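# Remarks on the overall topology
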Amino acid sequence: MRTLLAVVLVLAGTVIPADTPPPRSPLAWHDCHTDSTPARLECATVTVPLDWSRPTGQKIDLAVDRLPATDPAKRIGVLLTNPGGPGGSGVQDVATEGAGPGPEFDILHERFDVIGFDPRGVGSSTPIRCPVPLRSASVSSFPTKESGYRQLLDANRRAGTECARRTGPLIHHVDTVSAARDIEAIRIALGEKTVSLLGGSYGTELFSAYIALHPRQVRAAVLDGAVDHTRSTWQAAQDEAAATEDAFHRFAAWCAHRPSCALRGRDVAADFAALAARADRGAFIGPDGQKVDGAVITKAMYLRLYRRAEWPELARLLAKATAARPDIGPLTDVVLSGDPEEAANITVGCHDFPSEVKSLPDLRAKADRLRILAPLTWRYSEMWTWATTCLNWPVPAANPPAPQYVHGSPPVLVANGTHDPATPLSWARSLTAQFDHARLFVYDGDGHTVTPHSGYGRQKEAEHLVNAT
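Residues numbered from 1 in each chain as written. Predicted model: local features only at pLDDT ≥ 70, side-chain atom pairs only at ≥ 80, totals over all residues. Heavy atoms only, no water.

Now for the packing of helix H6 (residues 233-256) against helix H12 (residues 360-373). Packing of H6 against H12 leaves a shortest axis separation of 9 Å and a crossing angle of 30°. It follows that H6 is roughly parallel to H12 by the angle criterion. For the element pair H6 and H12, the recorded crossing hand is right-handed. Here H6 contributes Trp234, Ala237, Gln238, Ala241, Ala242 and Glu245 to the contact with H12, which in turn contributes Lys366, Arg369, Leu370 and Leu373. (Axes fitted to C-alpha atoms, helices over the stretch in contact; angles between N-to-C directions. Helix = DSSP H or I, 4+ residues; strand = E, 2+ residues; numbered from the N terminus. Parallel < 35°, antiparallel > 145°, perpendicular 65-115°, else oblique. Left-handed = near helix turned anticlockwise from the far one by under 90°. Contact = heavy atoms within 4.5 Å.)

Structure representation (structure tokens):
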């Protein structure tokens, strides 16, 4: 394992010392609350270098907002948050939810200024611009013939080239390490000696990168729903496929014991397998006239596995989709309507988890492995999306997976569920081992990240951030 504090970082082919200081730019806060947001909400803009290897060159803007501590006399400092993605808006998250749901987090609002920010390329910050959708749904991520493989390669190159044309040079600098360096600029602009961190899902990767760069500037950190950036894209895709399969079977077992479940009394696994297979055979057509394949069906199901509270709705939608007269619209609309986060998700993902597919035979072998690991849910995972969409992507990856170990880390609490469909518990265990001052909190339950699912987990996360132990 290497110590990141003792090495240099390579970004977009340029060697940058890890301790390069960001420019100082004081914040000018202004009231930005609306009828649906807290009255104390304030917003500001932080200006940072487009390319951190050229700190005096072209600049970009980062959108930042804050909810000042409600008990100033007991204020500890600032708590930076990130809800995940890549592509999730931290500004929107803080404006609508603050540090997160549940009374256990009230103390965080009392003791911290809660800070949200949109990472570079995301939301209200200088954005990535891509076609919507990025590529036609008719292009398969599981081609079996050379013609389909060439179609996939060509579609990916066209999409990446168009993203680069619309976005400009920023597209080469939206990797997670560049975004982590922006956090240091935010800290300095806030005038704070240290920051505390609360990151979920992709936010764990982003904040881990910041801790590796600036461990002494972090007071305490909670990393919930761990992403382990030391794993290869292909290994991560296998891990995620198995985790999604496990979560689906948990959903099916839950349904079998709930009288109110719309699928109760049916073989949920067999029904879902038949539905996805019918979609692959061309049985369903979307509102744009294109085929709705099994990958779309699986992604629509996967997104609703995220929160346990959405399982009754997932069962209702699957019941409609598998009825004698199937109606797949209510299930698949969430996918077919377009994802506003897709541009940032793909461009950041291709920097951080580039494709390792070498050829059509290699892709087919990997697809066969996914079918073994996840016989029902193999058609979709975020990591497989990157593995196939980033194949022949025209923008070189600036931040591929690499070993990391952080000496002198602050107190870090990694939290994860045992049956998380998106971030397997194995990732949390390996991420915890990458810090010399970290511990792991395990929630024995379902859904993505601990925060929405466990009051006890929220309590432990809040205690950790307040006490920095």
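As a further point, take the side chain of Gln434. With respect to the helices and strands, Gln434 occurs in the loop between helix H14 (425-432) and strand S11 (438-446). Taking relative accessible area as the criterion, Gln434 reaches 3% and is therefore assigned buried. Of note is the side chain of Gln434, whose polar atom sits 2.8 Å from the side chain of Asp228. For Gln434, the contacting residues outside a window of four places in its chain are Asp228, Thr230, Gln404, Tyr405 and Val406. (Buried < 20%, exposed > 50% of the residue type's maximum accessible area, 1.4 Å probe, protein only. Polar contact = N/O pair within 3.5 Å; in protein donor to acceptor, adjacent residues only side chain to side chain.)

Attention now moves to the packing of aromatic side chains. For the coordinates displayed, the defined rule picks out 13 aromatic pairs. Ring geometry for Phe441 against Tyr456: centres 5.9 Å apart, planes inclined by 50°, an arrangement best described as tilted. Linking Phe441 in strand S11 with Tyr456 in helix H15 (residues 455-467), this pair joins segments that are 15 residues apart in sequence. On the accessibility criterion, Phe441 (15% relative accessible area) is buried. Joined through ring pairs, the aromatic side chains of Phe248, Phe251, Trp254, Phe272 and Trp311 make up one cluster. One Lys or Arg, Lys366, reaches over the ring of Trp234 and ends 5.3 Å from the middle of that ring. One residue, Arg371, lies across the ring of Trp378, its end atom 4.2 Å from the ring centre. (Phe/Tyr/Trp six-rings, centres within 6.5 Å; stacked < 30°, edge-to-face > 60°. Lys NZ or Arg CZ within 6 Å of the ring centre and 35° of its normal.)

So, on to the packing of H6 against helix H13 (residues 382-389). Where H6 contacts H13, the two axes come as close as 7 Å, and the packing angle between them is 145°. For the element pair H6 and H13, the recorded crossing hand is left-handed. In this structure, H6 contributes Thr233, Trp234, Ala236, Ala237 and Glu240 to the contact, and H13 contributes Glu382, Met383, Trp384 and Ala387. A class-by-class count of the residues in the contact of H6 with H13 yields six nonpolar, one polar and two charged. (Nonpolar A, V, L, I, M, F, W, Y, C, P; charged D, E, K, R; others polar.)

On to the pattern of salt bridges. Applying the stated criterion to the full structure yields 19 salt bridges. Among the ionic pairs, Glu184 bridges to Arg187, the shortest N-O distance being 2.7 Å. One end of the pair, Glu184, and the other, Arg187, are both in helix H4 (residues 176-190), three residues apart, so they sit about a helical turn from each other. Its relative accessible area of 5% is what places Glu184 among the buried residues. (Salt bridge = Lys/Arg side-chain N within 4 Å of Asp/Glu carboxyl O.)

Attention now goes to H12. Structurally, the α-helix is built with 3.6 residues per turn, so residues lying three or four positions apart point the same way. Over its 14 residues, H12 runs 20 Å from end to end, which matches the ideal 20 Å to within 8%, given 1.5 Å per residue. Along H12, the residues classified as buried are Leu360, Asp362, Leu363, Lys366, Ala367 and Leu370. Taken end-on, H12 shows its buried residues confined to a sector of 160°, consistent with a single buried face. Exposed residues pointing more than 90 degrees away from the buried face of H12 are listed as Pro361 and Ile372. For H12, the secondary structure elements touched by its buried residues are helix H3 (146-167), H6 and H13. (Expected span 1.5 Å × (residues − 1). Arc of directions from axis to C-beta.)

What follows concerns the environment of Ala137. As for its position among the elements, Ala137 is in the loop between strand S7 (112-117) and H3. When neighbours within four sequence positions are excluded, Ala137 is seen to be in contact with Gln290 and Asp293.

It is worth spelling out the sheet that holds strand S5 (residues 59-67) at this point. The strands that make up a sheet are held in pairs by hydrogen bonds between backbone atoms, and each pair lies either parallel or antiparallel. The strand order across the open sheet formed by nine strands is S3-S4-S5-S7-S6-S8-S9-S10-S11, and the pairing between neighbours is mixed. Bordering the open sheet on either side are strand S3 (30-31) and S11, each of which pairs with just one other strand. Here S5 runs beside S7; their pairing, made up of four bridges, is antiparallel. Each residue of the ladder has a partner; that of Leu67, found in S7, is Val114. Strands strand S4 (42-49), S5, strand S6 (77-82), S7 and strand S8 (195-200) of the sheet are contacted by H4, whose axis makes an angle of about 125° with S4. (Pairing = 2+ DSSP bridges.)

Inspection of the sheet shows strand S10 (residues 412-419) paired to S11 by seven bridges, in the parallel sense. Note that in S11 the partner of Ala415 across the bridge is Phe441. Handedness of the crossover is the feature at issue here: the chain leaves S10, passes through H14, returns alongside S11, and the resulting connection is right-handed. (Right-handed = clockwise from strand over helix to strand, strands pointing away.)

What follows deals with the side chain of Thr449. Note on placement: Thr449 falls in the loop between S11 and H15. The exposure class of Thr449 is buried, given its relative accessible area of 11%.

As a further point, take the state of the cysteines. Applying the stated criterion across every chain, the model contains four disulfides. Here Cys130 is linked by a disulfide to Cys163, with a sulfur-sulfur distance of 2.1 Å. When the S-S torsion is 125°, as for the bridge of Cys130 with Cys163, the disulfide is right-handed. Taken as a pair, Cys130 in the loop between S7 and H3 and Cys163 in helix H3 lie far apart in primary sequence, 33 residues in all. Note on accessibility: Cys130 and Cys163 belong to one class, buried. Numbered by order of appearance in the sequence, the disulfide-linked cysteines of the protein pair as 1-2, 3-4, 5-6, 7-8. (Disulfide = S-S within 2.5 Å.)

With that settled, the discussion passes to unusual backbone geometry. The omega torsion of the bond from Gly85 to Pro86 falls at 0°, within 30 degrees of zero and hence cis. Inspection of the secondary structure puts Pro86 in the loop between S6 and helix H1 (90-97). Here the residue pair Val132 and Pro133 is connected by a cis peptide bond, since its omega of -5° sits within 30 degrees of zero. Here Pro133 lies in the loop between S7 and H3. Here the phi dihedral of Asn392 falls at roughly 70°; this positive angle occurs in a residue that is not glycine. The class of Asn392 is partly exposed, set by a relative accessible area of 30%. Even without being a glycine, Ala468 presents a positive backbone phi close to 50°. Tracing the chain through its elements places Ala468 in the segment after H15.

Shape descriptors only; they carry no functional weight alone.
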